[in-house]
Amino acid sequence: MTASTLLLLSLAVPAAGAAVILLLRYNPNAREAASLVTAGALFTIVLRIYLAVSVGDRPALVLAEPIPGIPIALEAEPLGVLFALVASFLWIVTTMYSIGYMRGHPLRPEIRDVMATLGIDRDREKRQARFYLFFAFAIAAVMGVAFAGNLFTLFVFYEVLTLTTFPLVTHSRSEAARKAGRVYLGVLFTTSVVFQLLAIVWTYAIAGTLDFQDGGILSGRAAGAVVPVLLGLFVFGIGKAAVMPFHRWLPAAMVAPTPVSALLHAVAVVKAGVFAVLKVTVYIFGIDFIAATGASVWLMWVAAATIILASLVAFTKNNLKVRLAYSTVSQLSYVVLGAMLANQLGVVGGGMHIAMHAFGKITLFFCAGVIIISTNRTEVSQLKGLGRVMPITFGAFFIGALSIVGLPPTGGAWSKWFLGMGSLEAGQIGLVAVLMLSSLLSLVYLMEIPLQGFFGRPRRAPDRDAAGEDDHDHGGDFHTPPRWSMAAIITTAVACVILFLYPEPFYRLMTMVAGP
Amino acid sequence: MIAEHLPILQVVLPLLAAPVCIFLRNPRAAGALAVLTSWSALGIALSLLREVMSTGVVSYAIGDWAPPIGIEYRVDIVNAWVLVIVATIGAVVTPYAITSVESEVDRKRIPLFYAAYLLCLTGLLGITITGDVFNVFVFLEISSLSAYALIAMGQRRRALTAAFRYLIMGSVGATFIVIGIGLLYVMTGTLNMADLAALLPEVWDSRTVKVAYGFLGVGMCLKLALFPLHLWLPNAYAFAPSAVTAFMASTATKVAVYMLLRLFLSIFGRHFSFEVMGLDLILLPLALVAIVSMSLVAIFQVDVKRLLAYSSVAQIGYMILGLSFASVTGLTATLLHLFNHALMKGALFMALGCVVYRIGSVHIDAMVGLGKRMPYTMAAFVVGGLSLVGVPLTVGFVSKWYLILGALEKGGLWMGVAAIVLVTSVMALVYVWRVVEVAYLRDFAGDERVREAPWSLLVPTWALVLANLYFGIDAVRISAVARGAAEALMIGIGS
Amino acid sequence: MSVDLFVSHYNYWVVIFLMMVGFYILISRGNLIKKIVGLNVFQTSVFMLYISMGKITGGTPPILLDDPHGEGEAVGHVLYSNPLPHVLILTAIVVGIATTSVGLALAVRIKEAYGTLEEDEINRVEAQTEAAE
């Protein structure tokens, strides 16, 4: 099998998996087996692409040509392979997790909500199948983003990803979900069309091509104020990178079922955004060109502001998922910052942070989901003392949080290290201070959760009942977390540690992108 | 043999089939004849396009009277392209009409419906194919008069007032065009387009030519519903039978835009239009206002057919905007959008026709939860809507791409024009998504018996929907034709 | 502007006058039949424009007088009115009649449907039905 066939398969396999899922919709066991097999097959394919790329191969493939001279083309290059590896591996884990999550305790209220949408009404299987269907399509779109051979292809799959995740976000069809859906689509679509598309056409008008090339296609062709403006249009236009003020869609997307939040809104969708930013900086502008023109300095500070402000907002959020979402907003800007530093260390750090943050944040979301289905608690303030009941979950949460903060022995330490070094090399001492401050902030707002869990005093809550709050919560009412889900949590938490000891593959890929 | 008579057959075939429909009396038989005729028309249009692409301009002298004395039918790449658009839509909408019309038009009027429909097709094809300006007027009136009759066949009585209003405004527009043609004739003594193009430069300075230009411009803009001369359009589209709306929205205004391009670029010439008359400076603000204001109005409509009608006025603005760029890229965008908008609005109005067929209304409140009840219909609406918005992999994206590229090529303040195009795409998303949200994210509350539309409606609808996707994914050939046509228009008719 | 110019172009003045009268009726009258009448006057003015421009002072009807087969030198020199505009306007008159009849047919059906031909009354009825819905 040639490498370019593998590229095609990386899109076709999830899509075909979706079709099989649809066919098997009345048989949950077979359907979930099919999901796992598809995810495993996809990871194998991506692994083989990785093996080809790591020896310097660059398989490519042209799918179609909508506009003369601007084909929809796929090409595997190191950065894309890194992203695809992370996304496809975590898809396997998420599938495991969902199996436990969705079946675990079908009568738990949150599950009932999910099931009601997936649902307990009469066409329940159809709706559940629809959920897996769009999920698989979204993964196919993510693969398209990862292996896009030119800016146009990237844009196409970026939009496809927005549209295929919309049904997942609005899955419960409640008024809240409809509202969130409007924000989600509104922000992502508006930024992508008004800024990103404008920037793409502009790039095409200047450079006459949209291919990703080492060293960029704009260097030597654009000059003056056009460069910072264009770069700004890209950074804000890629709304999935959630650079403030275009971040509102991410907390809004938290109405989706937790597996969706975990894979799509901690890994696939948001990483597609920052991945696109990195791609544009490296292959469209070229980091040397950006560094020489100083076009990115103002954007560094936008990213820095997002890092700090989102951390501060995270502090104020009591809902666990929303707090994690704001943490994601903050962490995404690390990658944007790495790209804007426009030096080798910054790009390596940004690229590695895509991987490291993915593993860390998905662990946190998995834990949040398990807490919800085991205890029906969604607010941070309700978690005191829960760590003693759920030691594995809170332990995993602790490791994941360490990785997000960037402390050894977790993978997050590496990416933060490179980003810090990159800032120093760019001569931006201020940014180093920002990174330190933000790590401190995230340390506080994330560590609060496991620490309260282990050491806090559980609160019996008569006052809450009196306040007429939702009464599903009866304090001691506790269900053992599903085994499949726990396996997924342990996998990702262990992976965080392994990535500290063995970050080699990701580092090698990134040095292939940015130069040694 | 027959091949050399293709240009006249293009027009005569539907013209002769129209009265036959009346004599047939049987609705099904008349429908079958109309389908057959429209498919032959498409076959002829396609072979004309192929001939033009391979051998260049095809000239046909009616009755063997050599032009410029006799009437000439003259097919070059530009009108071959428009012929294909009109014939394609005709070929798709006609089979759709058979089922749709049965539910919306009085049974004994159905043969008359097909007669009027075929006459309308005749008129539109005639305007496009002829090389004689007075002939344009004649065909324009054939298509318009039959259109008034078709619109008046709508179910609700407001169709009558809408048709009457269209009749008054349309006739005024047509009369303006006759005045313009007359003044041109006074100055040059000819009605043949190629001849006019050759003779006009000698008399450019005369005030009469400029007045003629003005009359023709206003007349054509009335016909193509350029803001603020669009007032007839929303009601006409909203109250006409579904099949008529789908047909008219995809063809009538397109042909009028073609006529505008033909008159102002081929006959008067690029130099006269843009440098002497400042056509671009007149059209640019009108187009922008049309795009912005009509998109805004569309957002607040509750009748989805009306919503799309206002959107049509905005989309016509895009076409005129491309023209106002006065560049090959801009014109390519205009010509592509002629085709692309025909595909998307055709698909959308046909999907709405399916809804009307089942629930008798396209009020937004009536469409609650339809996504589950009529999945194929609403999926067609979603794809058509995305195409209207200009999402990649649909045709709408391709034309928008060229439009923005055209604006950016000009640089400077035109950046703002590009921004307006993009912002209005978001507005399009808003009005399309209102319907999508209602249809998919709410529960159906209407009659339990409502089910999916019949295949006879769905197949033509989906044919256009798939065309939206196909030409959005593989647009190389079609862009090449559009660019060729744009270049031909910029050069002028003589060469 | 000299009186001469005014008088020598009198046909245009007639055309413009008729055109404005027709246009005014079209816009100002609310009665649908009157609108059609206005449209007719408007169109007729254009017919006059065409016909009068075909007229050439001292021209004969465009009929060949001499033997067309001979080398009749007179043929080329005979002054005759241009027949083409007249022919064109024959077509336009037919179109005008068709427009009028379609318009009248619509007016009849509107009268049947609304019971009136006055535009403002029709609008009122419409507003009522819309409010009722």
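Quick caveat, the model's predicted, so the values are computed rather than measured.

Colleague: Give a detailed account of the overall build of chain B, specifying residues and quantitative values.
Modeller: In terms of helices and strands, chain B carries 20 helices and two strands. Computed over the C-alpha atoms, the radius of gyration of chain B is 21 Å, within 12% of the 23 Å expected from 2.2 N^0.38 for a compact globule of 495 residues. Across its three principal axes, chain B shows a C-alpha extent of roughly 70 × 60 × 40 Å. Taken over 495 residues, chain B has a buried fraction of 68%. The centroid of the 31 positive side-chain charges in chain B is displaced by 10 Å from the centroid of its 25 negative side-chain charges.

Colleague: Mind laying out the overall build of chain A, listing which residues take part and the relevant values?
Modeller: When helices and strands are counted, chain A shows 20 helices and two strands. Buried positions account for 65% of the 516 residues belonging to chain A. Looking at chain A alone, contacts between residues at least 24 apart form 81% of all its contacts between residues at least 6 apart. Put simply, chain A shows about 16700 Å² of open surface, and 66% of that area lies on carbon and sulfur atoms.

Colleague: Help me get a handle on the pattern of salt bridges, residues and values and all.
Modeller: Residue and element names in this part refer to chain A. One pass over the full model with this rule turns up eleven salt bridges over all chains. With a closest N to O distance of 2.8 Å, lysine 279 and glutamate 77 form a salt bridge. You can see lysine 279 sitting in helix α10 (residues 258-285) and its partner glutamate 77 sitting in the loop between β2 (70-75) and α3 (78-104), a full 202 residues away along the chain. Both residues of the pair, lysine 279 and glutamate 77, belong to the buried class.

Colleague: Could you give an account of the interface of chain C and chain B, naming the residues involved and the relevant values?
Modeller: Taken together, the contact between chain C and chain B spans 35 residues of the former and 28 residues of the latter. Across the chain C/chain B interface, buried area totals approximately 2900 Å², and carbon plus sulfur atoms make up 77% of it. For chain C, the biggest contributors to the area lost against chain B are Tyr50, Leu106 and Arg109 of chain C; these three give 18% of the whole. In this assembly, chain C and chain B are joined by two salt bridges. At the junction of chain C with chain B, the criterion picks out four residue pairs in polar contact (both at pLDDT 80 or more). Looking at the side of chain C that touches chain B, the elements that each hand over two or more residues are α2 (10-28), α3 (32-54), α4 (84-114) and α5 (119-132) of chain C. Per-element tally for the side of chain C that touches chain B: the top contributor is α4 of chain C, with 15 residues. When grouped by side-chain class, the residues that make up the side of chain C that touches chain B number 24 nonpolar, six polar and five charged.

Colleague: Provide a residue-level description of the interface of chain A and chain B, including the pertinent values.
Modeller: At the junction of the two partners, chain A supplies 32 residues and chain B supplies 32 residues. For the pair chain A and chain B, the summed buried surface comes to about 3100 Å²; carbon and sulfur atoms form 77% of the total. In terms of surface lost to chain B, no three residues of chain A exceed Arg173, Arg178 and Phe189 of chain A, which account for 20% of the buried area on that side. At the boundary of chain A and chain B, one finds one salt bridge. A salt bridge links arginine 182 of chain A to glutamate 437 of chain B, with the shortest nitrogen-to-oxygen separation between them at 2.6 Å. Counting the contacts that link chain A with chain B gives four residue pairs in polar contact (both at pLDDT 80 or more). Of all the elements, helix α7 (residues 175-207) of chain A adds the most residues to the side of chain A that touches chain B, at 14 residues. Residues that form the side of chain A that touches chain B fall into these classes: 24 nonpolar, two polar and six charged.

Colleague: Quick rundown of helix α16 (residues 375-389) of chain B? Include the residues and the values.
Modeller: Residues spaced three or four apart along an α-helix face the same direction, because each turn holds 3.6 residues. Residue and element names in this part refer to chain B. Here α16 contains 15 residues, and its C-alpha end-to-end distance of 21 Å stays within 8% of the 21 Å for a straight helix at 1.5 Å per residue. Counting buried positions along α16 gives twelve out of 15 residues, so the element sits mostly inside the fold. By the burial criterion, the buried members of α16 are Thr377, Met378, Ala380, Phe381, Val382, Val383, Gly384, Gly385, Leu386, Ser387, Leu388 and Val389. After α16 finishes, the residue glycine 390 shows a positive phi value of roughly 100 degrees.

Colleague: Report on the confidence of the model for chain B, specifying residues and quantitative values.
Modeller: Low pLDDT means the predicted atomic positions in that stretch should not be read closely. Averaged over all residues, the pLDDT of chain B equals 88, while 99% of them reach at least 70. For this predicted complex, the interface confidence reaches an ipTM of 0.87, while the overall pTM sits at 0.87.

Colleague: Give a detailed account of the nonpolar core, specifying residues and quantitative values.
Modeller: Counting residues in each nonpolar core, the largest one holds 438 residues, and the members touching the most others are Phe285 of chain A together with Phe134, Leu321 and Trp401 of chain B. The biggest single contributor to this core is α10 of chain A, with 20 residues. Contacts of phenylalanine 285 of chain A, omitting those with residues within four sequence positions, involve Gly215, Gly216, Leu218, Ser219, Val227, Leu230, Leu231, Phe234, Val280 and Ile290 of chain A.

Colleague: Explain unusual backbone geometry to me, using residue names and the numbers behind them.
Modeller: Look at the link from methionine 244 of chain A to proline 245 of chain A: it is a cis peptide, with omega at 10 degrees. Note on placement: proline 245 of chain A falls in the loop between α8 (226-237) and α9 (249-252). Cis peptide bonds are those with omega within 30 degrees of zero, and the linkage from proline 408 of chain A to proline 409 of chain A qualifies with 0 degrees. Within the secondary structure, proline 409 of chain A sits in the loop between α15 (391-405) and α16 (412-425). With a phi angle near 55 degrees, alanine 342 of chain A is a residue other than glycine that sits in the positive phi range. Within the fold, alanine 342 of chain A resides in the loop between α13 (320-341) and α14 (344-375). Classification of alanine 342 of chain A as buried rests on a relative accessible area of 6%. In the Ramachandran plot, leucine 393 of chain B falls in the positive-phi region, its phi being about 80 degrees despite a non-glycine side chain. Considering the arrangement of structural elements, one finds leucine 393 of chain B in the loop between α16 and α17 (395-410).

Colleague: Describe the packing of aromatic side chains, naming the residues involved and giving the relevant values.
Modeller: Going through the model one piece at a time under the given rule, you end up with 44 aromatic pairs over all chains. Aromatic pair tyrosine 117 of chain B and phenylalanine 247 of chain B: ring centres 4.8 Å apart, planes at 45 degrees, arrangement tilted. Placement of tyrosine 117 of chain B in helix α4 (residues 110-129) and of phenylalanine 247 of chain B in helix α10 (residues 242-267) is noted, with a sequence separation of 130 residues between them. By relative accessible area, phenylalanine 247 of chain B is classed as buried at 0%. An aromatic cluster of three or more residues is present, and its members are Phe152, Phe155 and Tyr204 of chain A together with Phe397 and Trp401 of chain B. A cation sits over an aromatic face here: lysine 240 of chain A above tyrosine 158 of chain A, 3.5 Å from the ring centre.

Colleague: An account of the arrangement of the chains is needed here, citing residue identities and associated values.
Modeller: Contacts between protein chains span two pairs of chains, and they are most numerous for chains A and B. You won't find any contact between chain A and chain C; their C-alpha atoms come no closer than 27 Å.

Colleague: Please set out the packing of helix α8 (residues 207-224) of chain B against helix α11 (residues 269-276) of chain B residue by residue, giving values where relevant.
Modeller: Residue and element names in this part refer to chain B. As a packed pair, α8 and α11 sit with axes 13 Å apart at the nearest point and diverge in direction by 85 degrees. Between α8 and α11, the crossing angle belongs to the class labelled roughly perpendicular. Mapping the contact onto sequence places Val209, Lys210 and Tyr213 in α8 and Phe272, Ser273 and Val276 in α11. Taken together, the residues of the contact of α8 with α11 sort by class into four nonpolar, one polar and one charged.

Colleague: Tell me what's going on with a nonpolar patch on the surface, and back it up with residues and numbers.
Modeller: There is a patch of nonpolar side chains on the surface, built from Val3, Phe6, Val7, Tyr10, Tyr12, Trp13, Val14, Ile16, Met20 and Met48 of chain C and spanning about 950 Å² of accessible area. Counting residues per element, the nonpolar patch draws most heavily on α2 of chain C, which supplies six residues.

Colleague: Describe the pairing of strand β1 (residues 60-67) of chain A, listing the residues and the values that go with them.
Modeller: All names here are of chain A. Direction of pairing for β1 relative to β2: antiparallel, over a ladder of five bridges. Across the sheet, residue alanine 60 finds its bridge partner in β2, namely glutamate 75. The turn joining β1 and β2, which pair antiparallel and follow one another in sequence, is formed by two residues; a positive phi near 90 degrees is taken by glycine 69.

Colleague: Can you break down the state of the cysteines residue by residue, with the values?
Modeller: All names here are of chain A. Tallying each qualifying case throughout the model produces zero disulfides over all chains. Cysteine 496 takes part in no disulfide bond, and the closest cysteine sulfur to it belongs to cysteine 367, at a distance of 9.9 Å. The class for cysteine 496 is buried, based on a relative accessible area of 0%.

Colleague: Before we move on, could you go through helix α20 (residues 476-491) of chain B and cite the residues and values that matter?
Modeller: Between the first and last C-alpha of α20 of chain B there are 22 Å, a value that for 16 residues agrees with the 22 Å anticipated at 1.5 Å per step. The complete set of buried residues in α20 of chain B reads Ile478, Ser479, Val481, Ala482, Ala485, Ala486, Leu489 and Met490 of chain B.

Colleague: For the environment of valine 436 of chain B, give the residues involved together with the corresponding values.
Modeller: Residue and element names in this part refer to chain B. As for its position among the elements, valine 436 is in helix α18 (residues 414-440). When its relative accessible area of 6% is taken as the criterion, valine 436 is described as buried. With sequence-adjacent residues up to four places away left out, valine 436 is seen in contact with Val382 and Leu441.

Colleague: Let's hear about the pairing of strand β2 (residues 72-75) of chain B: which residues, and what values?
Modeller: Regular strands show a simple pattern: their side chains alternate between the two faces of the sheet. Residues and elements named next belong to chain B. Because side chains alternate across β2, one face comprises the buried residues Glu72 and Arg74, and the other comprises Tyr73 and Val75, equally buried. Inspection of the sheet shows strand β1 (residues 58-61) paired to β2 by four bridges, in the antiparallel sense. In the sheet register, tyrosine 60 faces β2, and the bridge partner there is tyrosine 73.

Here is what the cut-offs are and how they apply
- Residues numbered from 1 in each chain as written.
- Chains lettered and ligands numbered in written order.
- Predicted model: local features only at pLDDT ≥ 70, side-chain atom pairs only at ≥ 80, totals over all residues.
- Heavy atoms only, no water.
- Helix = DSSP H or I, 4+ residues; strand = E, 2+ residues; numbered from the N terminus.
- Rg over C-alpha atoms; globule rule 2.2 N^0.38 Å.
- Buried < 20%, exposed > 50% of the residue type's maximum accessible area, 1.4 Å probe, protein only.
- Lys, Arg positive; Asp, Glu negative; His and termini not counted.
- Charge placed at Lys NZ, Arg CZ, Asp CG, Glu CD.
- Contact = heavy atoms within 4.5 Å.
- Areas by Shrake-Rupley, 256 points an atom, 1.4 Å probe, with all protein chains shown as cover.
- Salt bridge = Lys/Arg side-chain N within 4 Å of Asp/Glu carboxyl O.
- Buried area = accessible area lost by both parts, 1.4 Å probe.
- Polar contact = N/O pair within 3.5 Å; in protein donor to acceptor, adjacent residues only side chain to side chain.
- Nonpolar A, V, L, I, M, F, W, Y, C, P; charged D, E, K, R; others polar.
- Expected span 1.5 Å × (residues − 1).
- pLDDT = per-residue confidence, 0-100.
- Core = buried A, V, L, I, M, F, W, Y, C linked by side-chain atoms within 4.5 Å.
- Phe/Tyr/Trp six-rings, centres within 6.5 Å; stacked < 30°, edge-to-face > 60°.
- Lys NZ or Arg CZ within 6 Å of the ring centre and 35° of its normal.
- Axes fitted to C-alpha atoms, helices over the stretch in contact; angles between N-to-C directions.
- Parallel < 35°, antiparallel > 145°, perpendicular 65-115°, else oblique.
- Patch = residues over 30% accessible without salt bridge, like charges linked within 9 Å, V, L, I, M, F, W, Y side chains within 5 Å.
- Pairing = 2+ DSSP bridges.
- Disulfide = S-S within 2.5 Å.

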